[in-house]
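# Architecture at a glance
Residues per chain are reported as follows:
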Amino acid sequence: KQEVTQIPAALSVPEGENLVLNCSFTDSAIYNLQWFRQDHGKGLTSLLLIQSSQREQTSGRLNASLDKSSGRSTLYIAASQPGDSATYLCAGPGGTSYGKLTFGQGTILTVHP
Amino acid sequence: DTEVTQTPKHLVMGMTNKKSLKCEQHMGHRAMYWYKQKAKKPPELMFVYSYEKLSINESVPSRFSPECPNSSLLNLHLHALQPEDSALYLCASSQWAGLHEQFFGPGTRLTVL
């Protein structure tokens, strides 16, 4: 059974800082990992999907990496802005159920001006 | 266009009511999903449809009845719900189940009185 853990649970940083969010998973047979953003009470916005054959994916100020051997993924946010404040979730395939995503508990990010 | 739409945005129903949630996507995706999200928790998978056929039911109570009338539309029929079923219900879609990026709708906020 896939278990996904995110550290830290909450993070507060001043505007302009670079920051790293961490995600770890127990099943190294993972074939992809997806990062999402969720604003309070809203749906999820897909940020990046990393396939198992990839090591990194970049989109604007976001960079996500995947290391299957260590069971870790990181989301790097450069030059953070107050608009980046949200909950960030990582999710990986949920074991034998093809199509199931298992989510971490999320990291609540606050970027203050 | 990577949009998944959901209606209604908010729904309040009594325990004896019958109501339906609707989800639509026009991205040509052949996999569609229902998730349930309680406050301060990550989403939990309920159902997966692949090519309009139910492929995963995560042991969801029968008071929730999914339906996929065509490849663009997904419904969730609700009957005799309990107050603990109050949650944000999220719909998602992907090109196929498993390997591909999932795109989420904005959700329906359900309150059961």
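Refer to the preceding data block for the structure.
Residues numbered from 1 in each chain as written. Chains lettered and ligands numbered in written order. Predicted model: local features only at pLDDT ≥ 70, side-chain atom pairs only at ≥ 80, totals over all residues. Heavy atoms only, no water.

Let us now look at the pairing of strand β7 (residues 64-70) of chain B. Residues and elements named next belong to chain B. Of the pairings in the sheet, the one linking β7 to strand β8 (residues 73-79) comprises five bridges and is antiparallel in character. In the strand pairing of β8, F64 is matched with L78. Connecting β7 to the next strand, β8, in antiparallel fashion are two residues. (Pairing = 2+ DSSP bridges. Helix = DSSP H or I, 4+ residues; strand = E, 2+ residues; numbered from the N terminus.)

Residues and elements named next belong to chain A. Taking strand neighbours across the sheet as the criterion, the five strands line up as β1-β3-β8-β7-β6 in an open arrangement whose pairing is antiparallel. Two strands close off the open sheet at either side, each with one partner strand: β1 (4-7) and β6 (56-59). Adjacent strand axes in the sheet meet at a mean angle of 15° when their direction is disregarded. In this sheet, strand β3 (residues 19-25) lies alongside β1 in antiparallel orientation, the contact comprising four bridges. Across the sheet, residue T5 finds its bridge partner in β3, namely S24. (Axes fitted to C-alpha atoms, helices over the stretch in contact; angles between N-to-C directions.)

It is the rolling of a water-molecule-sized probe over the atoms that shows where space remains empty. For the largest pocket, the calculated volume is near 640 Å³. Taken together, 30 residues form the lining of the largest pocket, with K100 of chain A together with P43, E44, L45 and E58 of chain B sitting closest to its centre. Among the elements of the structure, β1 and β10 (101-103) of chain A together with β4 (31-37) and β5 (44-50) of chain B are those that each provide at least two residues to the lining of the largest pocket. Size it by volume and the second largest pocket reaches roughly 500 Å³. Around the second largest pocket, the lining is made up of 20 residues, and of these H40 and T87 of chain A together with A39, K40 and K41 of chain B lie nearest the centre. Counting residues per element, the lining of the second largest pocket draws most heavily on strand β9 (residues 86-93) of chain A, which supplies three residues. (1 Å grid on protein atoms, 1.4 Å probe; cavity = no way out; pocket = protein on both sides within 12 Å on 5 of 7 lines; lining within 4 Å. Points joined across faces, edges and corners; volume = space filled by probe spheres on them.)

Further remarks concern the pattern of salt bridges. Residues and elements named next belong to chain B. Under the defined criterion, the tally for this structure stands at seven salt bridges over all chains. In this structure, K36 and D85 form a salt bridge, with 3.9 Å as the shortest nitrogen-oxygen distance. Taken together, the residues K36 in strand β4 and D85 in the loop between β8 and β9 (87-94) connect sequence positions 49 residues apart. Residue classification places K36 among the buried residues on the basis of a relative accessible area of 18%. (Salt bridge = Lys/Arg side-chain N within 4 Å of Asp/Glu carboxyl O. Buried < 20%, exposed > 50% of the residue type's maximum accessible area, 1.4 Å probe, protein only.)

What follows deals with the state of the cysteines. Two cysteines, two sulfur atoms, one covalent bond between them: this is a disulfide. Tallying each qualifying case throughout the model produces two disulfides over all chains. Residue C23 of chain A pairs covalently with C90 of chain A via a disulfide, S to S 2.0 Å. The chirality of the disulfide connecting C23 of chain A with C90 of chain A is right-handed, given an S-S dihedral of about 80°. A residue pair is termed long-range when its members are at least 10 positions apart, and C23 of chain A in strand β3 and C90 of chain A in strand β9 qualify at 67 residues. Accessibility assignment for this pair places C23 of chain A and C90 of chain A in one class, buried. Paired by a disulfide, C23 of chain B and C91 of chain B hold their sulfur atoms 1.9 Å apart. (Disulfide = S-S within 2.5 Å.)

This part takes up empty space enclosed by the protein. Residues and elements named next belong to chain B. Enumeration according to the criterion identifies two cavities of 30 Å³ or more in this entry. Taken as a whole, the largest cavity holds about 50 Å³ of empty space. Residue classes in the lining of the largest cavity are distributed as four nonpolar, six polar and one charged. Each pocket or cavity is described by its volume, and for the second largest cavity that value is around 30 Å³. Along its surface, the second largest cavity is lined by H29, R30, M32, Y49, Y51, E52, C68 and S71. Along the lines of polarity and charge, the residues of the lining of the second largest cavity split into four nonpolar, two polar and two charged. (Nonpolar A, V, L, I, M, F, W, Y, C, P; charged D, E, K, R; others polar.)

Functional significance is not addressed by these values, which are geometric in nature.
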